[in-house]
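Residue-level structural notes
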Amino acid sequence: QLQLLAAEWPENLLTYPAAKAEPPYWAGVRVRMGVHLGRAQCRKNPIHLRMEYFGPVVNEADRIADSGHGGQVICTKAVVDELEKAQREGKIESSLLKTDWLGKYPYQGVK
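Keep in mind that what you see is a predicted model, and the values were worked out from it rather than measured.

1. Things to note about the side chain of Thr76
- If you trace the backbone, Thr76 turns up in the loop between β4 (73–75) and α4 (77–88).
- On the accessibility criterion, Thr76 (7% relative accessible area) is buried.
- If we ignore the near neighbours within four places in the chain, the residues touching Thr76 are Val35, His36, Leu37, Glu60 and Ile64.

The structure is reproduced here in structure tokens:
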């Protein structure tokens, strides 16, 4: 998100209402992101030979990504717990990590 914020967007894009610059938080394309932690199931597709990822972990990651708004990075509690642990252990610079609890949300198809 920080790199998107710092990007130099074409001037004509910034005149579009949904992409206009609103310092200090928005300018240009607003992308929503979701992060989840876990082991996905995978297999190689026999037709196009690319890997396909599926299963409960992927379903939850999909729901998390869809729940955000442009400019947000939404993480599951498992991700936040691991990030905070890494921060306590000095593996992440504390000024780089900021979390806000948004509450617990039930996602369809996620236990």
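2. A few points about α4
- Between its first and last C-alpha, α4 extends 16 Å over twelve residues, near the 16 Å set by a 1.5 Å rise per residue.
- Residues Val79, Val80 and Ala86 constitute the buried set of α4. Burial along α4 is one-sided: seen end-on, the buried residues are contained in an arc of 125 degrees. In α4, the exposed positions angled more than 90 degrees off the buried face are occupied by Lys77 and Arg88.
- Looking at the buried residues of α4, the elements they touch are β1 (33–35) and β4.
- A positive phi of about 80 degrees marks Gly90, the residue just after α4.

3. Here we look at the environment of Val73
- Examined against the element boundaries, Val73 turns out to sit in strand β4.
- With 42 residues separating them along the chain, Val73 and Val31 place their C-alpha atoms 8.6 Å apart.
- Apart from the residues lying within four places of it in its own chain, the contact partners of Val73 are Gln1, Met33 and Val35.

Analysis parameters
Counting restarts for each chain: residues are numbered from 1 in the order of the written sequence. The model is predicted, so local features are restricted to residues of pLDDT at least 70 and side-chain atom pairs to those at 80 or more, both for listing and for counting; the totals for chains, interfaces and linings are taken over all residues. Hydrogens and waters are ignored; side-chain quantities use all the structure's heavy atoms. Only DSSP runs of H or I with at least four residues qualify as helices, and only runs of E with at least two residues qualify as strands; both kinds are numbered from the N terminus onward. Only protein chains enter the calculation, and the probe is 1.4 Å; a residue is then buried if its accessible area is under 20% of its type maximum, exposed if over 50%, and partly exposed in between. Between two residues, a contact is recorded if the distance between any of their heavy atoms is within 4.5 Å. Given the number of residues in a helix, its expected span is that number minus one, multiplied by 1.5 Å. The arc in question is the one spanned by the directions pointing from the helix axis to the C-beta atoms.

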